[in-house]
Amino acid sequence: MPTETAVLETSLGPSLRRWRVLNRIKQETLARDLDVSQSRISRWESGDAQPNGADRLKITQLLRARPETAADRALLDLVTQAAMPVHLVCDLTHRLLAASPARTVNWRIPTSELLDRPLWRFASESIRSVEHQLPEHGWFEPLGPDVVYETERAEFAELTIPQSRIRISRLPLSDGRFARLVRDEPAA
């Protein structure tokens, strides 16, 4: 199964800044840990430069959601057992962490084939558009708001995304990384 990267250049810097601020880590300390200069960290966070190659991989590994504690596993269980269409992905990489049976009703392959893989390649045009607009919504701020949007139906060999109104919420995991709860919003 081909895997399209889901880490958008527009989200890497703000995600790094949000993680660093919430975890009270100074740019200097992070720079030392990543073996780069403090000014490089600053340029990444501000969007003046983009990490590439090994630096991009290090940052992605640092920020990718890893639900490992009992509390995080409880969140996965809640999503997996939810009656409504809902799924949980890594906020940075869009890797699937959990999905409810109501969400997987339109999937033509087992959930196990999608777990821990980015769902970005299944993003409709409206999902892609909203993703690029997240900074304008304050998504990367420490207390960023939920974002609600409409998505059109999209057909893929593996699954169908029905036309729906979606609410995304950013949830902190116990280690300071973030997951994104994606759920259908009742029609207004």
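The structure this text deals with has already been given above.
Since we're looking at a predicted model, the values are computed, not measured.

Sorry, what's going on with empty space enclosed by the protein here?
In this approach a probe as big as a water molecule rolls over the atoms, and the regions it shows empty are the leftover space. Counted by the stated rule, this structure contains one cavity of 30 Å³ or more. Computed from the structure, the largest cavity encloses a volume of approximately 60 Å³. Lining of the largest cavity is provided by Ser15, Arg18, Trp19, Leu63, Asp91, Leu92, Gly176, Arg177 and Phe178. Examining the composition of the lining of the largest cavity, we find that three residues originate from one element, helix α1 (residues 9-22), more than from any other. Across the lining of the largest cavity, the residue classes break down as four nonpolar, two polar and three charged.

Mind showing me how you'd approach the pattern of salt bridges here?
Should their charged atoms come close, side chains of opposite charge can pair. Taken as a whole and judged by the stated rule, the model has 13 salt bridges. In this structure, the salt-bridge partner of Arg108 is Glu155, at a minimum N-O distance of 3.4 Å. Linking Arg108 in the loop between α6 (101-104) and α7 (125-133) with Glu155 in strand β4 (residues 154-155), this pair joins segments that are 47 residues apart in sequence. Relative accessible area serves as the criterion here: at 48%, Glu155 is assigned to the partly exposed category. Close ionic contact of Arg165 with Glu150 constitutes a salt bridge, the shortest N to O distance being 2.9 Å.

Explain the packing of aromatic side chains here, please?
Given two aromatic rings, their pairing is described by the distance between the two centres and the angle made by the two planes. Applying the stated rule across the entire model yields one aromatic pair. Where Phe122 meets Phe156, the ring centres are 5.3 Å apart and the plane angle is 80°; that geometry is what we call edge-to-face. Taken together, the residues span a long stretch of sequence, with Phe122 in the loop between α6 and α7 and Phe156 in the loop between β4 and β5 (160-161) at a distance of 34 residues. When the ring centre of Trp139 is taken as origin, the NZ or CZ atom of Arg170, which lies over that ring, is 5.8 Å away. The lysine or arginine in question, Arg170, covers the ring of Phe178, its NZ or CZ lying 4.8 Å from the ring centre.

Just checking my understanding: could you explain the sheet that holds strand β1 (residues 86-90) for this structure?
Strand pairing within a sheet occurs via backbone hydrogen bonds; the two strands may be parallel or antiparallel. Taken together, the five strands give an open sheet; going across it, the order is β2-β1-β7-β6-β3, and neighbouring strands pair in antiparallel fashion. On the outer flanks of this sheet lie β2 (96-99) and β3 (147-151), each paired with one strand and no other. For this sheet, the mean inter-axis angle between neighbouring strands, taken without regard to orientation, is 25°. Pairing of β1 with β2 involves three bridges; the strand directions are antiparallel. Paired with His87 across the strands is Ala99, a residue of β2. Lying on the sheet, helix α5 (residues 70-81) is in contact with β1, β2, β6 (164-172) and β7 (178-184); it crosses β2 at an angle near 50°. Where α7 meets the sheet, its contacts fall on β3 and β7, and the angle it forms with β3 comes to roughly 155°.

I'm lost on the nonpolar core in this one. Help?
Looking at soluble globular proteins, one finds that nonpolar side chains tend to be buried together. The biggest cluster of nonpolar side chains holds 25 residues, and the ones touching the most others in it are Leu34, Ile41, Trp44, Ile59, Val79 and Leu88. When contributions to this core are tallied by element, the ones reaching two or more residues are α1, α2 (27-34), α3 (38-46), α4 (53-63), α5, β1, β2 and β7. By size, the runner-up hydrophobic cluster in this structure holds 23 residues, among which are Ala123, Ile127, Ala154 and Ile161.

Would you mind going over the side chain of Arg20 with me for this structure?
Relative to the assigned elements, Arg20 resides in helix α1. Not counting residues up to four positions away in its chain, the partners in contact with Arg20 are Ile25, Lys26, Gln27, Leu30 and Glu45.

Quick notes on the rules
Residues numbered from 1 in each chain as written. Predicted model: local features only at pLDDT ≥ 70, side-chain atom pairs only at ≥ 80, totals over all residues. Heavy atoms only, no water. 1 Å grid on protein atoms, 1.4 Å probe; cavity = no way out; pocket = protein on both sides within 12 Å on 5 of 7 lines; lining within 4 Å. Points joined across faces, edges and corners; volume = space filled by probe spheres on them. Helix = DSSP H or I, 4+ residues; strand = E, 2+ residues; numbered from the N terminus. Nonpolar A, V, L, I, M, F, W, Y, C, P; charged D, E, K, R; others polar. Salt bridge = Lys/Arg side-chain N within 4 Å of Asp/Glu carboxyl O. Buried < 20%, exposed > 50% of the residue type's maximum accessible area, 1.4 Å probe, protein only. Phe/Tyr/Trp six-rings, centres within 6.5 Å; stacked < 30°, edge-to-face > 60°. Lys NZ or Arg CZ within 6 Å of the ring centre and 35° of its normal. Pairing = 2+ DSSP bridges. Axes fitted to C-alpha atoms, helices over the stretch in contact; angles between N-to-C directions. Contact = heavy atoms within 4.5 Å. Core = buried A, V, L, I, M, F, W, Y, C linked by side-chain atoms within 4.5 Å.

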